[in-house]
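# Examination of the molecular architecture
Here is what each chain is made of, one letter per residue.
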Amino acid sequence: MNFLRFSSASSASAGHQLQNSLLLGFAHGSCSTWSSSLGAPPFRVPRRRAWSGLKQASMFGCAWESQSWGMVPAANPWDYGVAVHSRRETRSASVSRSVGDAENFSGNWFAGKFRNLKSRSKWSLYASRVEPYSTNGADRSYEGVAAVDGELLWSGRWWARPIDARKQIFCNRSLNMKSIDAIGFDMDYTLAQYKPETFESLAYVGTIQKLVHNLNYPSELLQWKFDWRFMVRGLVLDKRRGCILKMDRHKYVKVAYHGFRELSRDDRQAMYGNTLSRESYDEPDYALIDTLFSLAEAYLFMQLVDFKDAFPDKMPSGAYDYSQLYKDVRSAVDLCHRDGTLKQAVANDPSKYINEDPLIIPMLKMLKQSGRKLFLVTNSLWDYTHVVMNFLCGKCGTEGGVPRDDEWLSYFDVVVTGSAKPTFFMDGNRTPLFEVDISTGMLQNTDSGVPMAQIGGVGLEGVVLPNATVKKAHRVFQGGSVAHLHNLLSIEASSQVLYVGDHIYGDILRSKKELGWRTMLVVPELAAELDVLHQTMTIRKEISELRTQRDDLEDSLLRLEWCLRHENHTDEDQQRLEQEVAHLRKENAIVREQHRQGQRECHHLFHKTWGQLMKTGYQNSRFSHQVERFACLYTSHVTNLCYYSPNKSYRTTEDFMPHELQGDRR
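Our subject in this report is the structure included herewith.

The rules we used
Residues numbered from 1 in each chain as written. Predicted model: local features only at pLDDT ≥ 70, side-chain atom pairs only at ≥ 80, totals over all residues. Heavy atoms only, no water. Helix = DSSP H or I, 4+ residues; strand = E, 2+ residues; numbered from the N terminus. Buried < 20%, exposed > 50% of the residue type's maximum accessible area, 1.4 Å probe, protein only. Contact = heavy atoms within 4.5 Å. Areas by Shrake-Rupley, 256 points an atom, 1.4 Å probe, with all protein chains shown as cover. Phe/Tyr/Trp six-rings, centres within 6.5 Å; stacked < 30°, edge-to-face > 60°. Lys NZ or Arg CZ within 6 Å of the ring centre and 35° of its normal. Expected span 1.5 Å × (residues − 1). Patch = residues over 30% accessible without salt bridge, like charges linked within 9 Å, V, L, I, M, F, W, Y side chains within 5 Å. Salt bridge = Lys/Arg side-chain N within 4 Å of Asp/Glu carboxyl O. Lys, Arg positive; Asp, Glu negative; His and termini not counted. Charge placed at Lys NZ, Arg CZ, Asp CG, Glu CD.

Next up on the list: the overall build of the protein chain. Secondary structure assignment for the protein chain yields 18 helices and 22 strands. Looking at the protein chain as a whole, 50% of its 666 residues are labelled buried. Long-range contacts, defined as pairs at least 24 residues apart, comprise 76% of the intrachain contacts of the protein chain with a sequence gap of at least 6. When the accessible surface of the protein chain is split by element, carbon and sulfur atoms take 49% of a total near 32,100 Å².

Below, the discussion takes up the packing of aromatic side chains. The final tally for this structure, using the stated rule, is 29 aromatic pairs. Judged by centre distance (6.2 Å) and plane angle (10°), the rings of Phe375 and Tyr499 are stacked. With Phe375 in strand 11 (residues 373-377) and Tyr499 in strand 17 (residues 497-501), this pair connects stretches of sequence that are 124 residues apart. Side by side, Phe375 and Tyr499 carry an identical accessibility label, which is buried. One aromatic cluster is present, formed by Tyr204, Phe226, Phe230, Tyr257, Phe260, Tyr299 and Trp610 through successive ring pairs. Its guanidinium or amino end placed over the ring of Phe311, Lys314 lies 4.6 Å from that ring's centre, counting from NZ or CZ. Above the face of the Tyr650 ring, Lys648 is positioned so that its terminal group lies 5.7 Å from the ring centre.

Given a rise of 1.5 Å per residue, 36 residues ought to cover 52 Å, and the 53 Å separating the end C-alpha atoms of helix 16 (residues 571-606) matches this to within 8%. Buried residues in helix 16 make contact with helix 14 (526-535) and helix 15 (537-566).

Once that is clear, we can look at a negative patch on the surface. Side chains of Glu628, Glu654, Asp655 and Glu660 sit close together on the surface and give a patch of like negative charge. Among the secondary structure elements, Glu628 is positioned in helix 17 (residues 622-630). Residue class for Glu628 comes out partly exposed when judged on its relative accessible area of 40%.

Note that side chains of opposite charge can pair when their charged atoms are close. Per the counting criterion, the structure on display carries 20 salt bridges. In this structure, Lys210 and Asp339 form a salt bridge, with 2.5 Å as the shortest nitrogen-oxygen distance. With Lys210 in helix 4 (residues 196-215) and Asp339 in the loop between helix 7 (322-338) and helix 8 (341-348), the pair connects residues that are 129 residues apart, well separated along the chain. For Lys210, a relative accessible area of 15% translates into the label buried. One salt bridge connects Glu407 with Lys395, and the closest N-O pair in it is separated by 2.7 Å. Remark: Lys395 occurs in the loop between helix 11 (382-392) and strand 12 (414-417) and Glu407 occurs in the loop between helix 11 and strand 12; sequence separation between them is 12 residues. According to the relative accessible area criterion, Lys395 is buried, its value standing at 14%. Linked by salt bridges that have partners in common, Asp164, Arg166 and Asp531 make up one network.

Structure follows, in structure tokens:
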């Protein structure tokens, strides 16, 4: 093992060359060394880090020692602390949905205690100086974010590798970002993460009020309570039977509830398994709970199913079946959106309903500086979009807060509001495109984005923007189609576009299937999922061993039963085999029960009702299957883009067939 030690014979340039070589992921075996007489090294050590230099013996046989710099030695050089969190960091909307013990998990795995020797030898450098991502180095206005929040951003002064697992971007389909010319974002639940305990409760209460006051449902519904932790994404709502289902990627129902009553295995099989033809589990008889906006209405539907079963005489005359219940819930939700019940409450107090995120601006600046065109496509109209985007940029606009302005528009080349996704992505969509006068909110006629002069010569030329920093190039539109967007951004090929959204159907599936855009799905629940995955490593290993033991016992039992049934034996051998079969049956029953109990316990640690988001038993869930098929990338939060180069080439892991995994065990 060759240790590099800085000596007085070296020069500053030699030390800088060593730094640069380490940044490239390698170090030479014979290097000049750094002199303690030169004072501080040519770069600073990241804040909140206890270092004794790069002491770890990497695969390159090279390490540092820096006691002469006066640093406090680290107890463990691998403990670089990537999981340092500050009080300013906001939790994603669905982290709290995990009702197991993940909240109390210490997080040592994410704090850098890599006990796997392969992990230790993989990275020769954990933290290093990286200049801000700027062509001239002048724009350093957001360096303070990294320093205050303890985050090591790609575009800031410091950068760390490997990245905290909960902040990583995962790849289903290889994507070289150098081929991407334009990056687009959805707003709701993508750039803006809503607080479930307040926003979903607001939607729930508003929907009930519409049911009672507009659709003649009994007033006792107003006393109902909402448990925002109960529902999860990826479920399927059976309108005809009044059930909520969770199924695997093959569309086999594994968990089913009628109202809040769980169906037994036999009932589930009788209802969804014993049919001559496979169900499609799609519209019109089923509804997919594939967006976080749907959780409150799905929970209310379950409550109404139980209420209808218990008190059928109290239901309004039109609510004759479960399908009608769902239609009424959807109508009430639409009423809430149309009359501004939800959006007005959010506009009055954004901080109550939306998580602050200090990394939104650094992310947008970094992507703009990389030369990408940025666009925003949202179903929300201009007035609400303006409120939310100002809040995300630190301007709440409420009394005593920073006034709202139009500066946020400077981060985007094009903004499309009221887009009516997924219709926006459909081939043949002929929705007209209007330009929004941002000073008044009024719509201007356009011809595919080109301003149309009005009668009397009054056109867009007469519009005065309230903020001089917002250029005409940063334009806001309403409606239109993806063809208009491609024209406005001068997009030549769909593969040049990366779109980031949270809705698997409205944002990801349609943009992927219809257009061939590259896609990134935001899955806020993923952070908690990763926590519990680590917490349950031991349990899941034991379950796997029990499954192997169960397979071995069943094979042995089947072999003995075959011998008893089809082979001739002496009376003594017959008696001995029967005793052995009885013993194996008893042992197999014990192991089978232990296996099922272990699965249930592990299931409940992720979520007491629905279990792991991405799994159903040993199979990937239907939601996970859709993520794998249609999302090129997926991550827990949109600002995780801050931790990667805008020119990074994302590479997927190798696919394995079961026989290949078996071959690795030999």
